[in-house]
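Analysis of the macromolecular model
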Amino acid sequence: MTTPIRAEVHVDPADPVFAGHYPGFPILPGLFVVEHVRAALRGQLPDLRVTALDRAKFLRPVFPGDDLAIETSLTHEDDQVRCVAKVSTASGPVAEFKLRLGGVT
C-alpha cells in the first residue's frame, strides 16, 4: 500500500541560519530541507521516526523566502515504512530523498 503525504513550508528569511550559510549568498542548508520533510512526516505519522536516510540528492539551492512543496510516497513493508520524498519550489525540484521509518522506541 502506498500513502501520500503533502506539506508546504515557507522558508523564513529571518531564520538566523542564513547569517552564516553563506554570507552574501544565503541558502538553506540541506539538513534543514531534510528536517522539513521529517517534520511533515511526523505531523501525519507521530508514532514513526526516521531510522535511515538511504539517499539524498540536492538539485538546486533553497533561498530565503522560498516556499517548499513536499510530496512523499510511503510504502509499508513489514515493520518499517519506506518513504520517497520530493521537495520543490516555484523554480522547480530542489531535493529528493529516500528514507526509512520505524516505530518509536
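As a reminder, the structure under discussion sits directly above these lines.
This is a predicted model, so every value here is computed, not measured.

Under the counting rule described, the total for this entry stands at five salt bridges. With a closest N to O distance of 3.4 Å, Arg82 and Asp54 form a salt bridge. Taken together, the positions of Arg82 in strand E4 (residues 80-89) and Asp54 in strand E2 (residues 48-58) put the pair 28 residues apart, joining distant regions of the chain. Linked through salt bridges whose partners overlap, the residues forming this network are Asp54, Glu77, Arg82 and Arg100.

Its location among the elements puts Leu31 in helix H1 (residues 30-44). Along the chain, Leu31 and Ala56 lie 25 residues apart, while their C-alpha atoms are 10.0 Å from each other.

Here Pro46 lies in the loop between H1 and E2. Using a relative accessible area of 56% as the deciding quantity, one classes Pro46 as exposed. Expressed as a C-alpha distance, the spacing of Pro46 and Gly103, which sit 57 residues apart in the sequence, is 9.3 Å.

All right, on to the nonpolar core then. Judged by nonpolar contacts, the single largest core of 25 residues is most densely connected at Val37, Leu41, Val87 and Phe97. Elements with a contribution of two residues or more to this core: strand E1 (2-10), H1, strand E3 (67-77), E4 and strand E5 (92-103). Here Val37 is in contact with Ile70, Ala85, Val87, Phe97 and Leu99, once residues within four sequence places are set aside.

With an omega of -10 degrees, the peptide bond running from His21 to Tyr22 counts as cis. Of note in this structure, Asp78 is not a glycine but carries a positive phi near 50 degrees. Looking at the element boundaries, Asp78 is found in the loop between E3 and E4.

This part takes up the packing of aromatic side chains. Taken as a whole, this structure holds two aromatic pairs when the rule is applied. Measuring from ring centre to ring centre gives 5.7 Å for Phe25 and Phe63, while their planes differ by 80 degrees; the resulting arrangement is edge-to-face. Residue Phe25 is found in the loop between E1 and H1, and its partner Phe63 is found in the loop between E2 and E3; the two are separated by 38 residues along the sequence. Its relative accessible area of 31% is what places Phe63 among the partly exposed residues.

How each quantity is defined
- Within each chain, residues carry numbers counting from 1 in the order of the written sequence.
- Thresholds applied to this predicted model are a pLDDT of at least 70 for local features of residues and 80 or more for the giving and counting of side-chain atom pairs; totals over whole chains, interfaces and linings are not thresholded and use all residues.
- Hydrogens and water are ignored here; the side-chain numbers use all heavy atoms of the structure.
- Salt bridges are defined as contacts in which a side-chain nitrogen from Lys or Arg sits within 4 Å of a carboxyl oxygen from Asp or Glu.
- Here a strand is any run of E in DSSP of at least two residues, a helix any run of H or I of at least four, and the numbering for each starts at the N terminus.
- Using a 1.4 Å probe on the protein chains alone, a residue whose accessible area is under 20% of its type maximum counts as buried, one over 50% counts as exposed, and one in between counts as partly exposed.
- Residue types Ala, Val, Leu, Ile, Met, Phe, Trp, Tyr and Cys, when buried and joined through side-chain atoms within 4.5 Å, form a set referred to as a nonpolar core.
- Residue contacts follow a heavy-atom distance rule, with two residues in contact if any of their heavy atoms lie within 4.5 Å.
- The pairing test for Phe, Tyr and Trp rings, Trp by its six-membered ring, is centres within 6.5 Å, and the orientation test on the planes gives stacked under 30 degrees, edge-to-face over 60, and tilted for anything in between.

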